[in-house]
Amino acid sequence: MAELIQSIQDMLKEETWTRAAIGSYTENNLRELSALVTKAEEEKCTKEVYDICNEQLSHSKDSIIALYFCGIIDLKNNSLDYSSLETLVDIFQKNHKENVVTYLCKNILADEPNNRFALRTLAASYEAENNPKAWDLYETLVKTDFTEADKAKLLAEHYESEGDQDKAVDYYKKAILRFIAANNYNACKEIWSKLVQFIPEEIDFFQMLRRKISKQMNEMKTTILMQELYTWYKDNKKWDIAIEILKQNLTVEPKDTWARKEIVDCFRGKYEGHSHLEDYIRSSNLTANYRNVFEAINDFEKHIAFDKGCFVFHRSWGVGIIRKLANDTLTINFGKAAGIKEMKLSMAVTALKPLAKDHIWVLKATKQKAELAEKIKKDKVWALKTIIKSYDNLCDFKKIKAELVPGILTAGEWTSWNSAAKKILESDAQFGVSPTDINMYTVRDHELSAEEKLSNEFKAQKQFFARVDILMKFFESDLTDKSSDFFAEMYSYFTGYLKNITKVNEQVITSWLIVNNITAIDKQFAVPSKDTFANLYNRIEDPREIYLSLKDSKQTHLRSDFLNAIRMLPDWDKQYIRLFPTALKEDMLTLLINEGHTDEVQKLVKTAFDQYKDYRETVLFFFEKCQDKEWYQNAGVSYEKQLITLINIIELTFREINNHVNSTDNKKINKNATALLFQESTLYAYMFSGDETLVKKMYTMIDDIADIDPSYKAQTRSKILDKYPDFKFRVSEEKDDQPKGMIVTAQKLAEKKAELERIQKVDIPQNAQDVAEAKAKGDLKENQEYKSAKEQQHFLSLQLAQLQSELNRAVVFDPTTSTTSMVSFGTVVTLTDNDSGKEETYTILGPWESDPDNNVISYMSPFGNAVLNRKAGETATFTINEHKYNYTVKEIKKASF
């Protein structure tokens, strides 16, 4: 290494290149320098070489050797600073060394295929030579540099001259989007004309351009452009879109007489043959410039919708069809609902809603239910189009469901239909979303490309992390072009967070992670940034809050990415220890142990159990996941202390729940801690590993938790009595502990769940359909079917509420915990009536299983409660409903399940 360093230092000292000497510089000279770079890499001294050359440039900025070494090393280190290479190429260009420039650019592109400077320089050199390779280079340049508009236009013109219209259109689209971003209206206007010539039917694309130009430049400029597009739609008699364009222009310039005249012509074309067309044009003053144009349009459109054969809707009478229009009077047939009605046109304008022939309400009123239901089930695309267009081409899923359930589809049929429909809306290019509301769907007149569809979803989506998902879906899809300007616009949204950072929050960190992930896969998306992850991390107020704020999804794993980025920090081990109680990732512990940080992890274990109030979930994680780890076993926390800590956490969470402190989190922690303690005999295995003193100690701690489910106490007592039949419980235990829950058998629980599902999915939907059908018959006061259906609706509601309440309280009985040491759930008890001497046998189960006729008694009933917890030989005396009972417990057996 020392020899190589010395050799380069000598070369720099002896360098006497002048502009005259540069003229004799050849490719071989660069190859020799390249060989030295390779040797420096092999000897791992590129940093030393770079520092020496950088020093040389500080006082000799035109040093060929220094520029070459610094430039190539920057390139190999994936630096975004290409200034040394750019200076070197500039020197050779000024000295007309085209062959050296070509060699140098090729050399750069071999290591960095998307280097924009090298692409632009080499392509210009090829173009000057009429070398067709220039077009391939320009294509790569346009794909990698989203600001390059001129070359996109050049490529479009090239492919147009070659007769390749598809490619020409693709590059014209890229060019116009970039010229809009650059505020170059003249270039936009020129390309707009080309696109109108090639793809006038792509109205959604032109509307998107209109919105961008209006926002970026001036909305007045859009009117001139849209006029050109309008002409094509008028000539092709596509009246609705032509009228829409004119309305947009009139919104910008209401006094545009040309647009006003044209919209009258379009109305004449659209409503040709309407019996009152000219009357309505005249009465609305549509051609009179003194009247507000939109008032005139509104007036005209309200009146023109009413003609013989047209459908209308009235809020009380429903859907009707106009049978006659004479002397400003409409005769409308509303069918069975209201019969024939007459209405003045002046009233109809405000009382009736005009409906298209294919409106969903019209179809529901005119088609047989079975026929329409079959069509909707089989042709979901048609159904979606029909309903969405019925709501002025802007509809959400709530409205779609309201139209179909329960009138056409049952609740069960809707579930499967809904899932399939959502997939169609997501994937079918005929559907899109509103630019302002991600939940509102539209039907497109022209199919959108996958890129446009995702771009529209991105713009409509207002939530930051949902936008992350859309970006990554775009990037990872095989159906999208990552070089499109749609992707560039979305990507720039996140790179924008990395510019002029004032505060590092979850959006900034997420943006850095996303850009880093995308750049790692495709370096063309690298963006210059002065902030490394280490710089950003040091400015985070609380990394734990940032971690919790990151949202994972199917498309992203931001939390893991965040931890992986932290792994690259010099103090990553300290940061992992700090973050572990928040992240609770087992691989973090594994990495810390494998990297020799066992002491720090063991210290964290001790801290967690000592300060369990602040480390509740950490304690649960260690207890559940780490018992078999040697480092955990040697952490200095005894198993007894671990169990006691679990008990303390259960008691603590109950107390905070009762005080309404973090109730949701505490309920979750309480449930998990209880499961760890009682499931798989965790507590009992330890409790019975010692003597009776240990049993008493552990049981007393359980018994002291007032709010714990008494079934756990009962289960623990049963276990204790099985091993120590004469065990004396505290006096408080002589009283019954009525469970807050309701103990049930697994079989009954399954039956009740099935009953709940039947009520929800069968009975209630059927009842809703019965109510709707009865209501449709009218006259609700005398409608016995309607009253009966409503009564059944009330009954089902009460039945459902009661069943849900019972299910929420249900605690499944574990037969393995059954004991014969005392009367309890799941036992068969034989009692001797001390007054008559007769024997009576009862099975003790729960309310659901209760069957008094067969001597199956609920433990929650007065009789069951009176004998509960009694041991064989005990006498039970009690009074129920003024009747005195006097029994002796003769025998206790386990019930069979």
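Up top you'll find the structure we're talking about.
Throughout what follows, the structure given in this document is the object of discussion.

Each value, and the rule that gives it
- Per chain, residues are indexed from 1 in the order of the written sequence.
- Since the coordinates come from a predicted model, pLDDT governs what is reported: local features require at least 70, and pairs of side-chain atoms require 80 or more to be given and counted, while whole-chain, interface and lining totals use all residues.
- Working from all heavy atoms in the structure, the side-chain values ignore hydrogens and water.
- Between N-to-C directions, angles cover 0 to 180 degrees, with each direction set by a line fitted to C-alpha atoms, over the stretch in contact for helices.
- By definition, any uninterrupted DSSP run of H or I lasting at least four residues is a helix, any uninterrupted run of E lasting at least two residues is a strand, and each is numbered from the N terminus.
- An angle counts as roughly parallel when it lies under 35 degrees, as roughly antiparallel when it exceeds 145, as roughly perpendicular when it falls between 65 and 115, and as oblique in every other case.
- The contact criterion used is simple: two residues touch if any of their non-hydrogen atoms lie within 4.5 Å.
- Side-chain classes follow a simple rule in which Ala, Val, Leu, Ile, Met, Phe, Trp, Tyr, Cys and Pro form the nonpolar group, Asp, Glu, Lys and Arg form the charged group, and the remainder, Gly included, forms the polar group.
- Between the first and last residue of a helix there are one fewer steps than residues, each counted as 1.5 Å, and that sum is the expected span.
- Here's how the labels work: a residue is buried when its accessible area is under 20% of the maximum for its type, exposed when over 50%, partly exposed in between, all with a 1.4 Å probe on protein chains only.
- Taking the helix axis as origin, the arc is that swept by the directions to the C-beta atoms.
- We call two N or O atoms a polar contact when they sit within 3.5 Å, provided that within protein one can donate a hydrogen and the other can accept it, with sequence-adjacent residues counted only if both atoms are side-chain atoms.
- What makes a nonpolar core is a set of buried Ala, Val, Leu, Ile, Met, Phe, Trp, Tyr and Cys residues whose side-chain atoms join them at distances within 4.5 Å.
- By this definition, two strands are paired if DSSP reports at least two bridges between them.
- Note on ring pairs: Phe, Tyr and Trp rings are taken, using the six-membered ring of Trp, and paired if centres are within 6.5 Å. Classes follow the plane angle, with under 30 degrees stacked, over 60 edge-to-face and the rest tilted.

What follows concerns the packing of helix 15 (residues 239-252) against helix 18 (residues 293-304). Angle between the axes and distance between the axes: these two values describe a pair of packed helices. Across the interface, helix 15 lies against helix 18 with an axial gap of 11 Å and an inter-helix angle of 150°. For the element pair helix 15 / helix 18, the angle class is roughly antiparallel. Where helix 15 abuts helix 18, its residues Lys 247, Leu 250 and Thr 251 lie against Val 293, Phe 294, Ile 297 and Glu 301. The residue inventory of the contact of helix 15 with helix 18, partitioned by class, reads four nonpolar, one polar and two charged.

Between its first and last C-alpha atoms helix 18 spans 16 Å; for twelve residues at 1.5 Å apiece the expected length is 16 Å, and the two agree. Where helix 18 is concerned, the buried positions are Val 293, Ala 296, Ile 297, Phe 300, His 303 and Ile 304. Buried positions in helix 18, seen along its axis, are confined to an arc of 140° and lie on one side of it. Contacts from the buried residues of helix 18 go to helix 15, helix 16 (257-270), helix 17 (277-283) and helix 19 (345-351). For helix 18, the side-chain oxygen to backbone nitrogen distance between the N-cap and Phe 294 is 2.9 Å, and the N-cap itself is Asn 292.

Attention now goes to the environment of Ile 708. Tracing the backbone through its elements, the reader meets Ile 708 in the loop between helix 40 (692-703) and helix 41 (710-723). Classification of Ile 708 as buried rests on a relative accessible area of 2%. Along the chain, Ile 708 and Ile 650 lie 58 residues apart, while their C-alpha atoms are 8.1 Å from each other. Contact partners of Ile 708, with chain neighbours within four places excluded, come to Phe 654, Phe 678, Ile 702 and Lys 713.

Here we come to the nonpolar core. If you look at the biggest cluster of nonpolar residues, it comprises 214 residues, and the most contacted ones within it are Trp 192, Leu 195, Leu 209, Phe 562 and Phe 622. Ranked by residue count, the leading element in this core is helix 5 (residues 64-76), at ten residues. Setting aside its immediate chain neighbours within four residues, Phe 622 contacts Phe 580, Leu 589, Leu 604, Val 605, Ala 608, Phe 609, Gln 627, Trp 631 and Tyr 632. Counting 32 residues, the second largest nonpolar core, distinct from the first, contains Leu 803, Phe 825, Val 829 and Trp 848.

Another aspect to go through is the sheet that holds strand 1 (residues 311-314). Pairing within the open sheet is antiparallel, and its five strands lie in the order 4-3-2-1-5. Each edge of the open sheet is held by one strand with a lone partner, namely strand 4 (340-344) and strand 5 (353-355). The average angle at which neighbouring strand axes cross in this sheet is 40°, direction not considered. Where strand 1 and strand 5 come together, three bridges link them in antiparallel fashion. Bridge pairing in strand 5 links Phe 311 to Leu 355.

This part is about the sheet that holds strand 14 (residues 883-894). On the basis of which strands lie adjacent, the open sheet formed by five strands has the order 12-11-10-14-13 and mixed pairing. Looking along the sheet, the strands with just one partner apiece sit at the ends: strand 12 (856-858) and strand 13 (875-880). Averaged over neighbouring strand pairs, the angle between their axes works out to 45° when direction is ignored. Alignment of strand 10 (residues 827-833) against strand 11 (residues 839-845), held across six bridges, turns out to be antiparallel. Looking at strand 11, one finds that Thr 830 is bridged to Thr 841.

Attention now goes to the pairing of strand 10. Counted residue by residue, strand 10 has six buried out of seven residues, so it is predominantly covered. Between strand 10 and strand 11, which pair antiparallel in sequence order, lie five residues; one of them, Gly 837, sits at a positive phi of approximately 80°. Bridge analysis of strand 10 against strand 14 gives seven bridges, and the strand direction is antiparallel. Opposite Val 829, over in strand 14, you have Ile 892 as the bridge partner.

Another aspect to go through is unusual backbone geometry. The omega angle of the peptide bond from Val 405 to Pro 406 is 0°, so this bond is cis rather than trans. By the element assignment, Pro 406 lies in the loop between helix 23 (397-404) and helix 24 (411-427). Even without being a glycine, His 96 presents a positive backbone phi close to 55°. Secondary-structure assignment places His 96 in the loop between helix 6 (83-94) and helix 7 (98-111). Since its relative accessible area comes to 60%, His 96 is described here as exposed.

Here the focus is the packing of helix 27 (residues 485-495) against helix 28 (residues 506-521). Remark: helix 27 packs on helix 28, axes separated minimally by 8 Å, with the N-to-C direction vectors making an angle of 135°. Here helix 28 runs oblique to helix 27, going by the angle between their axes. Between helix 27 and helix 28, the residues in contact are Phe 487, Tyr 491, Phe 494 and Thr 495 and Ser 511, Val 515, Ile 518 and Thr 519, respectively. Among the residues forming the contact of helix 27 with helix 28, the class breakdown is five nonpolar, three polar and no charged.

So, on to the pairing of strand 1. Judged from the four bridges that link them, strand 1 and strand 2 (residues 318-326) form a sheet pairing that is antiparallel. Along strand 2, the bridge assignment pairs His 314 with Gly 318. Between the end of strand 1 and the start of strand 2, which pair antiparallel, lie three residues.

This brings us to the packing of aromatic side chains. Counted by the stated rule, this structure contains 56 aromatic pairs. Aromatic side chains Tyr 684 and Phe 688 sit 6.4 Å apart centroid to centroid with 20° between the ring planes, which places their arrangement in the stacked category. Of the residues examined, Tyr 684 reaches a relative accessible area of 4% and is grouped as buried. Assessed through its relative accessible area of 19%, Phe 688 is described here as buried.

All quantities given are derived from atomic positions and should not be read as evidence of function.
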